[in-house]
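# Chain and residue survey
Here are the chains, one letter per residue:
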Amino acid sequence: MAATPLLELRGIDKSFGPVQVLHDVGLSVYPGEVTALVGDNGAGKSTLVKCISGIYTIDAGTVTFDGKQVAIHSPRDASELGIEVVYQDLALCDNLDIVQNMFLGREKKSGIVLDEPTMEQMAGETLASLSVRTVKSLRQLVASLSGGQRQTVAIAKAVLWNSRVVVLDEPTAALGVAQTAQVLELVRRLADNGLGVVLISHNMNDVFAVSDRIAALYLGRMAAQVKASDVTHAQVVELITGGRSGNLGLPPEKPTDFVDITPGVQK
Amino acid sequence: MSTTTLETAGGVKVVKPTVASHIRDYIGRIRGGDLGALPAVLGLVILVLIFGSARSDTFFSAGNFANLFNQAAGVTMIAMGLIFVLLLGEIDLSAGFAAGVCGAVMAILLTEKGYSEPVALAAALGSGVVIGLLLGFLVSKVGIPSFVVTLAAFLAFQGVLLNILGEGKNISIPDGFIKSLNKDSLSVTWSWVLAIAAVVIFALVQFMRYRGRAKRNLVNEPIGIILLRVGGLAALILISTAILTQERAINPVIASLKGVPIAAPVIGGFLVLWTFVLSRTSYGRHVYAVGGNAEASRRAGIPVDRIRISVFVIGSFMAAVGGVMLVSRAGSVDPNTGGSSTLLYAVGAAVIGGTSLFGGKGKIIHAVIGGAVIAVIDNGMFLMDFSSGTRYMFTGVILLIAAGVDALARRRAAATGNR
């Protein structure tokens, strides 16, 4: 596996008004690997993803992409670098077909006319490269697809653009057993194709099934980023719920970190 | 089921389409709640048969057939614009009086101000664009629901129309190009030239697309379906032209009257233009996308606000075109031009044709088919000597049926997971 990360975040801070959501967060994404981003509700996973994808701008810290320091100010910046995010609620249009959805907002044109044959060809090739070989037609409406197929289209849409880092936000949350397996297989294949994959998930089975590395967020801090093979299921759960597990994770809170708010006591 | 598969682009296996599988797919889509224009086409055929058998001498005359185009033109134009608005799940209640205001602007410039026809026409269409920009801005940027914005505009434009016409004057427009638009017919030669050109161009476009896809080894429609489509359109256009080029004057010695009404190519031209825009340009794709899922469109980088404004601009522009057609047909403009049932007929035409009121689903052809249904009802019931009260009631029932079909189809579609 490559030794240098494709995408590296260091010291990321993000506040919304008086509330600091991310404290000094670091994250490394390696090409050809699946990095699972785990954490409890409110740990800051979604915020971190939105910082990566350019929806939020970071307050402090550095983002290094492919060895160069970059600034991501908008979703467009992110997609120009090759960072694509597949959101939890899919972001597909039910009334459009597979090809139309995959090229939404970035249609190929010849002159002012849409170049449907080229788009259909590229969509077909992308689906084939992900070993998706079972759709009735590329011109099928997305509304008629199963949950797993929809997720597949959403992922294929993200890799269509020669993207290098794909962030998947809970791709299996709404899926059944068979479809979950299908999507996880696809996630693995993305990494095997050399992409850096960030998988956000609540499901420990999914995380251990496909990921190479696990990054655990705890209350806006990065508790630990470890190799999946080095930790157990229980340790990851401890990292998520308590921020540390044995010698892994955040240092234990020291009494000096707390402010005495007993009435009448001045610090 | 004995379906053969074939590999398309990149090696994805898909079902190989045949004429039979195409028909099976179509039936499947209909059973799944994707009805499109089918109910409207069936309804149109049934209505024509009913009125035809009741008043075969008058309803089936060439003169009445030509008359239907002129009757439908105004409402159909307004309905075409409304389809853009409806595709986003919005509504434009002011389109009728916007048509009236634009028509009045044109009539006043032509008569009282003495401008030439092109200037007056441009001013009318320009007024439509300005109205659309205003409505779109209020809906999209200020965030007032389109129902309220356009309801307010409906009242206000009614007032504007009264005021610019000087409290209820009736202004007649002079003879000329504008008046002939929705009154006169093309010469017999030009009728045939246009009809044949339309068929040939349609056939060429269809076969070029077929060849282009075949060359890239993409899944193609079976050639039988394409031949059927081209043949069907050719039959429709050529038979219509043959009927319309018959003599239909009561006394041909005084003044001969034959040829396709100018309104027909005007309707056809806008049909082709907007169908092209909706199905072949990225703008049209984005209109459908925003209507289907605005949040997904925003994330895909589509300027949702600008799309929303633009559909109101197209809507009001087409209302202005409709206004020109209405004024041309009446030969004059009065405070009720575009009023009374015009707007509801236009919304009705779009919905009867198969455009959904819930956004994301609709085609421009729906305006033409729905407009034809409305015109046939109005025309046929008039010939059968029903009172206008009965006609309104009947049209209301038809609209209700169409909206009911849409709602039931959606429920059916939701049940089969095929929205």
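The name an unreviewed UniProt entry assigns to chain B is Xylose transport system permease protein XylH, from the organism Actinoplanes italicus. We quote the UniProt Subcellular location (unreviewed entry) comment for chain B here in full: "Cell membrane".

Chain A appears in an unreviewed UniProt entry as Monosaccharide ABC transporter ATP-binding protein (CUT2 family) from Actinoplanes italicus.

### Here's the deal with the confidence of the model for chain A
For chain A, the average pLDDT comes to 83, and 91% of its residues sit at 70 or higher. Looking at the elements of chain A, mean pLDDT is at its lowest for strand S14 (residues 248–249) of chain A, recorded as 73, and at its highest for strand S10 (residues 196–200) of chain A, recorded as 91.

### Topic: the domain arrangement of chain B
All names here are of chain B. Along its sequence, chain B is carved into domain 1 (36–184 + 262–414) and domain 2 (186–260). Computed over C-alpha atoms only, the centres of domain 1 and domain 2 are separated by 25 Å. On the side of domain 2, 8 residues touch domain 1, which itself brings 9 residues to the contact. Across the interface of domain 1 and domain 2, roughly 730 Å² is buried in total on both sides, 77% from carbon and sulfur atoms. Elements supplying a minimum of two residues to the side of domain 1 that touches domain 2: helix H4 (62–87) and helix H11 (263–280). If you tally residues by element for the side of domain 1 that touches domain 2, the top one is H4, at 5 residues. A per-class count over the side of domain 1 that touches domain 2 returns 7 nonpolar, 1 polar and 1 charged.

### Digging into the sheet that holds strand S11 (residues 213–218) of chain A
Residues and elements named next belong to chain A. Overall, mixed pairing links the 6 strands, which are arranged S6-S9-S10-S3-S11-S12 in an open sheet. Two strands in the sheet have a free side with no partner beyond their single neighbour: strand S6 (83–86) and strand S12 (221–227). Sheet twist, expressed as the average angle between the axes of neighbouring strands with direction ignored, equals 20 degrees.

### Quick word on the nonpolar core
Core analysis: the largest hydrophobic core is formed by 106 residues, its most contacted members being Met77, Met80, Met106, Phe270, Trp274, Met318 and Ile364 of chain B. Considering each element in turn, this core owes the most residues, 15 residues, to H4 of chain B. Residues from two domains meet in this core; each of domain 1 (36–184 + 262–414) and domain 2 (186–260) of chain B gives at least three. Residues in contact with Met106 of chain B, not counting those within four places in the same chain, are Ala120, Leu121, Ala124, Ile178, Val324 and Val327 of chain B. Counting 38 residues, the second largest nonpolar core, distinct from the first, contains Met119, Ile155, Ala156 and Leu186 of chain A.

### Describing helix H5 (residues 147–159) of chain A
Residues and elements named next belong to chain A. Compared with an ideal rise of 1.5 Å per residue, which puts 13 residues at 18 Å, H5 spans 19 Å between its outermost C-alpha atoms and is within 8% of the ideal. For H5, the buried fraction is high: 11 of the 13 residues fall into the buried class. Those residues of H5 not exposed but buried are Gly148, Arg150, Gln151, Thr152, Val153, Ala154, Ile155, Ala156, Lys157, Ala158 and Val159. In this fold, the buried residues of H5 make contact with S6, helix H3 (98–102), helix H4 (116–129), strand S9 (165–169) and helix H6 (177–192).

### Structural notes on the pairing of S11 of chain A
All names here are of chain A. Burial within S11 is extensive, with 6 of its 6 residues counted as buried. Alternating residues of S11 divide into Arg213, Ala215 and Leu217 and Ile214, Ala216 and Tyr218, and every residue in both groups is buried. Across 5 bridges, the pairing between strand S3 (residues 34–39) and S11 is parallel. Counterpart to Ala36 in the pairing with S11 is Ile214. Relative to S12, S11 is paired through 6 bridges, and the arrangement is antiparallel. Its bridge partner being in S12, Ala216 is matched across the sheet by Ala224. In this structure, the hairpin formed by S11 and S12 is closed by a connection of 2 residues, where Leu219 is found at a positive phi of approximately 45 degrees.

### Observations regarding the environment of Thr241 of chain B
Residues and elements named next belong to chain B. With respect to the helices, strands and loops of the structure, Thr241 is situated in helix H10 (residues 223–244). Judged by its relative accessible area of 3%, Thr241 falls in the buried class. Apart from the residues within four sequence positions on either side, Thr241 is in contact with Ser191, Trp192, Ala195 and Val260. Within the local environment of Thr241, its side chain forms a polar contact with the backbone oxygen of Ile237, the two atoms lying 2.6 Å apart.

### Let's talk about the interface of chain A and chain B
In this complex, chain A contributes 37 residues to the contact, which on the side of chain B involves 34 residues. Linking chain A with chain B are 2 salt bridges, by the criterion used here. Residue Arg213 of chain B is joined to Glu120 of chain A by a salt bridge in which the shortest nitrogen-to-oxygen separation is 2.8 Å. When contributions to the side of chain A that touches chain B are tallied by element, the ones reaching two or more residues are strand S8 (113–114) and H4 of chain A. Top element by residues in the side of chain A that touches chain B is H4 of chain A. It accounts for 10 residues. By residue class, the composition of the side of chain A that touches chain B is 18 nonpolar, 8 polar and 11 charged.

The rules behind each value
- Starting afresh in each chain, residues are numbered from 1 along the sequence in its written order.
- Chains carry letters from A onward and ligands carry numbers from 1 onward, assigned in written order.
- Local features in this predicted model are restricted to residues of pLDDT 70 or higher, and side-chain atom pairs are both shown and tallied only at a pLDDT of 80 or more, whereas totals for entire chains, interfaces and linings draw on every residue.
- Side-chain measures here rest on the full set of heavy atoms in the structure, leaving out hydrogens and waters.
- UniProt positions are given in the numbering used here, feature names are shortened, and annotations may be inferred rather than shown by experiment.
- In predicted models, pLDDT denotes the confidence assigned by the predictor to each residue on a 0 to 100 scale.
- Per the convention used, a helix needs a DSSP run of H or I reaching at least four residues, while a strand needs a run of E reaching at least two, with both numbered from the N terminus.
- An automatic or database domain assignment is the source of the domain bounds shown.
- Should any heavy atoms of two residues lie within 4.5 Å, those residues are counted as being in contact.
- Defined in terms of a 1.4 Å probe, buried area is the accessible area two parts forfeit on being brought together, summed over both.
- Under the scheme applied, nonpolar residues are Ala, Val, Leu, Ile, Met, Phe, Trp, Tyr, Cys and Pro; charged residues are Asp, Glu, Lys and Arg; polar residues are all the others, including Gly.
- Any two strands with at least two DSSP bridges between them are considered paired.
- To define axes, lines are fitted to C-alpha atoms, for helices over the stretch in contact only, and angles between the resulting N-to-C directions are given on a 0 to 180 degree scale.
- To define a nonpolar core, start from buried Ala, Val, Leu, Ile, Met, Phe, Trp, Tyr and Cys residues and group those joined through side-chain atoms within 4.5 Å.
- Relative accessibility under 20% of the residue-type maximum defines a buried residue, over 50% an exposed one, and the middle range a partly exposed one, all with a 1.4 Å probe and only protein chains included.
- Helix span, expected: 1.5 Å multiplied by one less than the number of residues in the helix.
- Definition of a polar contact: a pair of N or O atoms within 3.5 Å, with one able to donate and the other able to accept a hydrogen when the atoms are protein atoms, and with sequence-neighbouring residues admitted only if both atoms are side-chain atoms.
- For this document, the term salt bridge refers to a Lys or Arg side-chain nitrogen within 4 Å of an Asp or Glu carboxyl oxygen.

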